[in-house]
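Structural features, examined
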Amino acid sequence: MINLTINSNPVAVPEGWTVLQAAEKLNVRIPTLCNHPDLCVAGNCRVCVVEQKDARTLIASCSQPATEGMEIMTNTLKVRNARKHIVELLLSEHRADCTKCYRNQNCELQALANEFAFGDHLFLDLVGEHEHLIDRTSASIIKDDSKCIRCQRCVRTCTELQKVSAIAVSGKGHEQKISTFHDRPISHVVCTNCGQCVNRCPTGALTEKTYIDHVWDAIYDPSKKVIVQTAPAVRVALGEDLGYDPGERVTGKLVSALRQLGFDYVLDTDFSADLTIMEEGTELLTRLKKALVDGDKETSLPMFTSCSPGWIKFIEHKYPELLPNLSTCKSPQQMFGALAKTYFADNVKVDPENIVSVSIMPCTAKKFEANRPEMRDSGYKDVDFVLTTRELAIMIKQAGIDFRRLDTSNYDSVMGESTGAAVIFGATGGVMEAALRTAYEIVTGKEVPFENINIMPVRGMEGVKEATIKIEGCLKEWSFLEGAELNVAIAHGLTNADKVMSAVARGEANYHFIEIMACPGGCIGGGGQPIPTSTAIRQNRIDAIYAEDMSMAIRKSHENPEVVAVYKNFLGEPNSHKAHELLHTHYVERMRY
Amino acid sequence: METRKITKVDLIFEHIDPREVLVKAYKLGSEGIIQEMLDSGVKGRGGAGFPTGMKWKFCAAEPEPEKYIVCNADEGEPGTFKDREILDRVSYKVFGGMAIAARAVGARRGYVYLRGEYKFLMPQLLMELDGFHKMIDEIGYDFRIEFKLGSGAYICGEESALFESIEGKRGEPRNKPPYPTKCGLFGKPTVVNNVETLVNAVIIIKYGSEKYRSMGTQFSTGAKVFSVSGDTPTPGIYELELGMTCLEFVKEFGDGDAKAVQVGGAAGFCVPRKAFAKTIIGFEGVPTGGSMKLFNSSRSMYNVLHNYLDFFAEESCGQCTPCRIGTQQLLRGVEAVKRGEMKSAYLNELVKLAETMKISSKCGLGQSVGNAFNSIVENFREEIIY
Ligand SMILES: Cc1cc2nc3c(=O)[nH]c(=O)nc-3n(C[C@H](O)[C@H](O)[C@H](O)COP(=O)(O)O)c2cc1C
Ligand code: SF4
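Criteria and thresholds
- Residues numbered from 1 in each chain as written.
- Chains lettered and ligands numbered in written order.
- Predicted model: local features only at pLDDT ≥ 70, side-chain atom pairs only at ≥ 80, totals over all residues.
- Heavy atoms only, no water.
- Core = buried A, V, L, I, M, F, W, Y, C linked by side-chain atoms within 4.5 Å.
- Buried < 20%, exposed > 50% of the residue type's maximum accessible area, 1.4 Å probe, protein only.
- Contact = heavy atoms within 4.5 Å.
- Helix = DSSP H or I, 4+ residues; strand = E, 2+ residues; numbered from the N terminus.
- Expected span 1.5 Å × (residues − 1).
- Buried area = accessible area lost by both parts, 1.4 Å probe.
- Salt bridge = Lys/Arg side-chain N within 4 Å of Asp/Glu carboxyl O.
- Polar contact = N/O pair within 3.5 Å; in protein donor to acceptor, adjacent residues only side chain to side chain.
- Nonpolar A, V, L, I, M, F, W, Y, C, P; charged D, E, K, R; others polar.
- Right-handed = clockwise from strand over helix to strand, strands pointing away.
- Near = heavy atom within 4 Å.
- Areas by Shrake-Rupley, 256 points an atom, 1.4 Å probe, with all protein chains shown as cover.
- Pairing = 2+ DSSP bridges.
- Phe/Tyr/Trp six-rings, centres within 6.5 Å; stacked < 30°, edge-to-face > 60°.
- Lys NZ or Arg CZ within 6 Å of the ring centre and 35° of its normal.
- Domains from an automatic or database assignment.

This part covers the nonpolar core. A general feature of soluble globular proteins is that nonpolar side chains tend to end up buried together. Residues and elements named next belong to chain B. Residues Leu330, Val334, Phe373 and Ile376 are the most contacted members of the largest nonpolar core, which totals 79 residues. Beyond its immediate stretch of four places on either side in the chain, Ile376 contacts Gln262, Cys270, Met301, Val304, Leu305, Tyr308, Arg381 and Ile384. Counting residues in each nonpolar core, the second largest holds 58 residues, with Leu11, Ala25, Leu114 and Ile203 among its members.

Right under this line is the structure:
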């Protein structure tokens, strides 16, 4: 242990801890800005400087390792003056139109300004020195350099967590900025739209593109029927933006709030998550049969899940040679969209022309996905507008809804029925678990051999998880699988995805089925979720997801009565011609930069 | 305080038999070399003035088997051109210093990080390096040197940014600690020294630490190559013992009308006439990487300051707040005062800002902007305002 003092209070910390961590242990708050619990230390904003006895300069507490005998002071006049200067400098470069800003009241720079730099500006305004164009080219993300404070959290997110490197630092001195390859628009680089950078941006420099006003217009247009679907991960995170602690499940209130906002039908993406399991599970079993029984060399294994549009764009850019391995299933959002303007429209007898289909997603990449040209199989744009969890919270506030006092209510039907299997789509490993619950039962007629059908090996926050499921007691038509060991892998966060993909590309992986989610923790850590984020917050949301699963009466996708009905009345059977037409898609190869 | 008269010496550029020195160093071995370096009192000639013997000792003590020697030949400080001259005339001594350092710390590979603009020296240097490699092989050294070309950013002369650049990344300084002797190039223990420091190692091994220490002063032993420029009838490169006063220097090199000397380039200090007599050029007074620029009374110190600030606002790597924005604020701030848009009292705010930059910037660049700024503003305030 290392012994040091902070503000004269002794503290002992393990070797390798920083001064900042030591201070946290003593509950001494040191302000930070470029620091983020998910990212490596940068030490570039200098807001966290503190005084070390006898040192020539102040030290950055986030990057300074604690050493034996150190005497640290966190609140001397010297420190306060330096911090004030630093915050004032950041403000002088920042276009502070706070009242109009998407991040107003949830901005780390604003919070620091409140503490250190209220009153008159100390320095000259430098905002006008730079010509900042706001990049609105992406369907998902808006990049406004005039609000950027160069903390490089986004760059670290994009390279460390996501291994995408769509954004990087360019230029030096006064021309230094966060840029893209050759300064191209965000829409024309490898950006996967995952929005992880948005989650970690301390200011309003990176935000999602918002469609709130479009949705209000639709709601108030009497000629339109506006239907809304809500993704599994939204119900365990929305509360955070409305004053609840992370991990609070607000499903029933969420439904009530959507009704109060004026949506005509409040439906559940869970329904189409279950549908995805039917389609994807069948696709997997078909591929296995083709490969193992028919000896078809063309069949690509392992098969990859395709629910995460950030992941889809990643593989399209970085591993196009592996696209045949990607399940052809659309994501639940898009399956829902395709059915909304066909099956659902028939059911409620509304002209699909007059349906506006909105989805509430934990995700920014879903905005891009909904705009893909492939996503019009209903004959219309399948999903018209995608809102993030954060945008929904804003709408709820705009409408003056007292969320805490709302009663709970249930989703509408059809396409509002959920199962525990669908709910766990929101957590890393959830799609895998849901698929195994169903596929195992299709093949053997029995439940998966895990206590309470909780397949623990595929759960958890480890970056890459592996599991092997032995298939025993097959029904006759699946006897070719008897005794087979199904090897599965699960990765979340694109850096982990990249690890798995490079192993697959090198031919070094013997998996059959791989689940990939672009975001850390899966959808609950999506780029559209409430800010801030951290491992602890994501863990709370995951715990809530599994609690929700356990609370459901039905916990297997194939038992969802509405799913049974949609096959019986509309689609025929999984992977039928009609299902292929509406629920499956194809992918495109994209450039690598 | 001990001072020296102007004393010209000729050690850096004198031709010697490198084999003899390298054989001697080889026999001395790690401990012997490090002891000589420690005893000599030599401090780094790249600007920061860290005791070279200590640096080598720290690196030698690291258990990691893979280590590197890096020669910093980025020479980006405005007004310095001595490293180019050294490489041009006695590159074998630079290589020799690297081999001695390698022997001292146990490194087998070395890099010379050469300023991009000095590319024209490469063909000649590579030829000489070939011969050098053959020679040290015969003596028994297990050491190879490679060249890396810089790409014109001043910040890449900062040692950790230089490592990043050699590693193929964007040249940005790293957080310290860890220091290079523990975790440097490719994450391995590394000795990085200025061109001239390495030549000094050859001199120390050849003549012994005692003789070396007899030059200069107690805190600034040895001699140093100065790049003299500005308002002087005799610009050029001079090797002088350390420890002379600024007054001595100006008497020797000035044009009779010197009002200030900028010691140490943009990152250094401006010494005004009234302080010439009491300012020692050396580590006990104002240190310098070699740049000595004289200004006579025809010069506008506002323009001098403006040039430096322009330089820093452009050459800051931009990663840390005090430096990236502070340099712009200082530049725009003096402009605004000059134009009368800000009151002259605003200069006091800027001086305070420069102090903050000194103590809170991440690397030596941001930390040294205040040297020139404050010494010029304090001594030539009227010239800045009017
Ligand atoms: C902005 C900046 C630029 C520097 N440029 C150089 C340079 O061009 N050459 C050099 O030898 N040292 C330069 N240094 C100093 C190096 O970081 C390092 O201290 C030096 O190479 C160590 O060698 P020495 O101990 O032999 O002086 C620079 C430092 C800073 C902060
Ligand atoms: S002080 Fe300047 S050059 Fe050094 S790290 Fe900070 S911004 Fe970069």
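Cis peptide bonds are those with omega within 30 degrees of zero, and the linkage from Leu301 of chain A to Pro302 of chain A qualifies with -5°. With respect to the secondary-structure elements, Pro302 of chain A resides in the loop between helix 8 (269–292) and strand 13 (303–304). Between Pro177 of chain B and Pro178 of chain B the backbone carries a cis peptide bond, its omega angle lying at 0°. Mapped onto the elements, Pro178 of chain B comes out in the loop between helix 5 (159–166) and strand 4 (190–194). For Asn7 of chain A, which is not a glycine, the phi torsion comes out positive at approximately 50°. Its identity is not glycine, yet Phe186 of chain B carries a phi of approximately 50°, on the positive side. Its relative accessible area of 38% is what places Phe186 of chain B among the partly exposed residues.

Right, let's get into helix 8 (residues 246–253) of chain B. All of the buried residues along helix 8 of chain B are Cys246, Glu248, Phe249, Val250 and Phe253 of chain B. The secondary structure elements touched by the buried residues of helix 8 of chain B are strand 5 (223–230), strand 6 (236–241), strand 7 (258–263), strand 8 (269–272) and strand 9 (291–296) of chain B.

All names here are of chain B. The first and last C-alpha atoms of helix 9 (residues 301–315) sit 21 Å apart over 15 residues, in line with the 21 Å expected at 1.5 Å per residue. Burial in helix 9 covers these residues: Met301, Tyr302, Val304, Leu305, His306, Tyr308, Leu309, Phe312, Ala313 and Glu315. On its buried face, helix 9 sits against strand 7, strand 8, strand 9, helix 10 (321–338), helix 12 (364–379) and helix 13 (381–385).

Looking now at the interface of chain A and chain B. Taken together, the 38 residues of chain A in the interface contact 36 residues of chain B. For the pair chain A and chain B, the summed buried surface comes to about 2,900 Å²; carbon and sulfur atoms form 55% of the total. When residues of chain A are sorted by the area they lose upon contact with chain B, Leu89, Leu124 and Lys172 of chain A head the list and together hold 21% of the total. Our enumeration of links across chain A and chain B arrives at three salt bridges. In this structure, Glu93 of chain A engages Arg324 of chain B in a salt bridge whose closest nitrogen and oxygen atoms are separated by 3.1 Å. At the junction of chain A and chain B, the tally comes to 18 residue pairs in polar contact (both at pLDDT 80 or more). Contributions of two or more residues to the side of chain A that touches chain B are made by helix 2 (77–92) and strand 8 (167–170) of chain A. Sorting elements by how many residues they give to the side of chain A that touches chain B places helix 2 of chain A first, with eight residues. Split by residue class, the side of chain A that touches chain B holds 16 nonpolar, 15 polar and seven charged.

This part is about the pairing of strand 1 (residues 68–73) of chain B. Across a regular strand the side chains alternate sides, sitting on one face of the sheet and then on the other. Residues and elements named next belong to chain B. By the criterion of burial, strand 1 is predominantly enclosed, with six of the six residues buried. Neither face of strand 1 is left uncovered, since the one carrying Tyr68, Val70 and Asn72 and the one carrying Ile69, Cys71 and Ala73 both have all their residues buried. Chirality of the crossover, the property in question, places the unit of strand 1, helix 3 (residues 82–105) and strand 2 (residues 109–114) among those that are right-handed.

Residue and element names in this part refer to chain B. In the vicinity of ligand 1, 20 residues are found, and the nearest of them are Gly46, Asn72, Asn193, Asn194 and Thr197. Contact between ligand 1 and Lys55: an oxygen atom at 2.9 Å from a side-chain N or O atom of the residue. In this structure, an oxygen atom belonging to ligand 1 sits 3.0 Å away from a main-chain N or O atom of Glu159. Computed on the free molecule, ligand 1 has an accessible area of 610 Å², of which 90% lies beneath the protein chains in the complex. Elements that contribute at least two residues to the shell around ligand 1 include exactly strand 4 and helix 12. It is strand 4 that provides the largest number of residues to the shell around ligand 1, a total of three residues. Each residue belonging to the shell around ligand 1 can be placed in one class, and the counts come to five nonpolar, nine polar and six charged.

A word on the sheet that holds strand 10 (residues 206–208) of chain A. Residues and elements named next belong to chain A. Spatial ordering of the open sheet is given by 6-7-10, a layout of three strands whose pairing is antiparallel. The strands lining the two open edges of the sheet, one partner per strand, are strand 6 (134–135) and strand 10. Here strand 7 (residues 141–144) pairs with strand 10 via three bridges, running antiparallel. Note on strand 10: the bridge partner recorded for Ile142 is Thr207.

So, about the environment of Phe186 of chain B. Of note, Phe186 of chain B is situated in the loop between helix 5 and strand 4. If sequence neighbours within four positions are ignored, Phe186 of chain B has contacts with Tyr68, Tyr111, Ile166 and Glu167 of chain B.

With that settled, the discussion passes to the packing of aromatic side chains. Taken as a whole and assessed by the stated rule, the structure comprises 19 aromatic pairs over all chains. Measuring from centroid to centroid gives 5.5 Å for Phe311 of chain B and Phe312 of chain B, while their planes differ by 65°, and the two rings are edge-to-face. Through pairs of rings, three or more aromatic residues link up here, namely Phe304, Trp311, Phe314 and Tyr319 of chain A. Stacked on the ring of Tyr244 of chain A, the Lys or Arg Arg404 of chain A has its end atom at 4.1 Å from the ring centre. For the cation-ring pair, Lys224 of chain B lies above Phe226 of chain B, with the distance from its terminal atom to the ring centre recorded as 5.9 Å.

The next thing to look at is the side chain of Glu548 of chain A. Tracing the backbone shows Glu548 of chain A in helix 16 (residues 535–551). Sequence-distant contacts of Glu548 of chain A, that is, excluding residues within four places in its chain, are made with Arg235, Arg249, Thr251 and Val423 of chain A.

This part takes up the domain arrangement of chain B. Residue and element names in this part refer to chain B. For chain B, the assigned domains are domain 1 (18–213), domain 2 (223–296) and domain 3 (301–381). A separation of 22 Å is found between the C-alpha centroids of domain 2 and domain 3. Taken residue by residue, the interface counts twelve residues in domain 2 and twelve residues in domain 3. With both chains or domains summed, domain 2 and domain 3 bury close to 1,000 Å², and 66% of this area falls on carbon and sulfur atoms. It is Ala266, Ala267 and Cys270 that lose the most area in domain 2 upon contact with domain 3, and together they represent 43% of the buried surface on that side. Linking domain 2 with domain 3 are zero salt bridges, by the criterion used here. Mapped by element, the contributors of at least two residues to the side of domain 2 that touches domain 3 are strand 7, strand 8 and strand 9. Looking at side-chain class alone, the side of domain 2 that touches domain 3 contains seven nonpolar, two polar and three charged residues.

The next subject is the site of ligand 2. Inspection of the region around ligand 2 gives 13 residues, with Cys317, Cys320, Cys323, Cys363 and Gly366 of chain B positioned closest. Considered class by class, the residues forming the shell around ligand 2 number seven nonpolar, five polar and one charged.

Quoted interface sizes are often the accessible area lost when the parts come together. For chain A, the assigned domains read domain 1 (2–75), domain 2 (90–208) and domain 3 (213–271 + 333–405). Taking only C-alpha atoms into account, the centre of domain 1 of chain A sits 45 Å from that of domain 3 of chain A.

Residue and element names in this part refer to chain A. The tally for this structure, following the rule as stated, stands at 70 salt bridges over all chains. In this structure, Asp145 engages Lys143 in a salt bridge whose closest nitrogen and oxygen atoms are separated by 3.0 Å. By relative accessible area, Asp145 is classed as buried at 10%. Residue Arg506 is joined to Glu508 by a salt bridge in which the shortest nitrogen-to-oxygen separation is 2.9 Å.

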